[in-house]
Amino acid sequence: QVQLVESGGGLVQPGGSLRLSCAASGSIFSIYAVGWYRQAPGKRREMVAHITSGGTTNYPDSVKGRFTISRDNAKNTAYLQMNSLKPEDTAVYYCNAQIPATPFDSWGQGTQVTVSS
């Protein structure tokens, strides 16, 4: 199983940007699909970005055009670039790494993102 550690969260004003990082260790990171999820208080966890081992990306409409997921397999790290942030983007953001159709599915501990003036 891969172990994941997120970083890069914080407080940002509306319209600002943040870049989250997800550092992986313990396994061959390149074969995992990676997703970024978020969970706001009282709400269900939702996917905000996904990238396959082959580099195909997917986003929900709520963040499309504002968020960009990428990965650097040489550094065992995935990133989430978040631009034009809105107060409704406030949540704990989690990184997930998964090998589809296998039991290999890991989560990080989460990093808080707060968008407020």
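Residues numbered from 1 in each chain as written. Predicted model: local features only at pLDDT ≥ 70, side-chain atom pairs only at ≥ 80, totals over all residues. Heavy atoms only, no water.

**Side note on the pattern of salt bridges**
Part 1 of the reasoning: The tally for this structure, following the rule as stated, stands at four salt bridges.
Part 2 of the reasoning: A salt bridge links aspartate 61 to lysine 64, with the nearest nitrogen and oxygen atoms 3.4 Å apart. Accessibility classification places aspartate 61 together with lysine 64 in one group, the exposed group.
Part 3 of the reasoning: Note that aspartate 89 and arginine 66 form a salt bridge whose closest N and O atoms lie 2.8 Å from each other. Of this pair, aspartate 89 sits in the loop between β8 (77-82) and β9 (91-98) while arginine 66 sits in the loop between β6 (57-58) and β7 (67-72), and the two are 23 residues apart along the sequence. (Salt bridge = Lys/Arg side-chain N within 4 Å of Asp/Glu carboxyl O. Buried < 20%, exposed > 50% of the residue type's maximum accessible area, 1.4 Å probe, protein only. Helix = DSSP H or I, 4+ residues; strand = E, 2+ residues; numbered from the N terminus.)

**What to know about the environment of leucine 80**
Part 1 of the reasoning: Along the chain, leucine 80 falls in strand β8.
Part 2 of the reasoning: C-alpha separation for the pair leucine 80 and glycine 35, spaced 45 residues apart in sequence, amounts to 9.4 Å.
Part 3 of the reasoning: What leucine 80 contacts, discounting residues up to four positions off in sequence, is Leu18, Arg19, Leu20, Trp36, Val48, Ala49, Phe67, Thr68, Ile69 and Tyr93. (Contact = heavy atoms within 4.5 Å.)

**Quick look at the pairing of strand β11 (residues 111-115)**
Part 1 of the reasoning: Only one face of β11 is covered, namely the one carrying Thr111, Val113 and Val115; the face carrying Gln112 and Thr114 has none of its residues buried.
Part 2 of the reasoning: Alignment of strand β2 (residues 10-12) against β11, held across three bridges, turns out to be parallel. The residue of β11 that forms the bridge with leucine 11 is threonine 114.
Part 3 of the reasoning: Of the strand pairs in this sheet, β9 and β11 are connected by three bridges, and their pairing is antiparallel. Paired with tyrosine 93 across the bridge in β11 is threonine 111. (Pairing = 2+ DSSP bridges.)

**With respect to unusual backbone geometry**
Part 1 of the reasoning: One non-glycine residue, asparagine 76, lies in the positive phi region at around 50 degrees.
Part 2 of the reasoning: Note on placement: asparagine 76 falls in the loop between β7 and β8.

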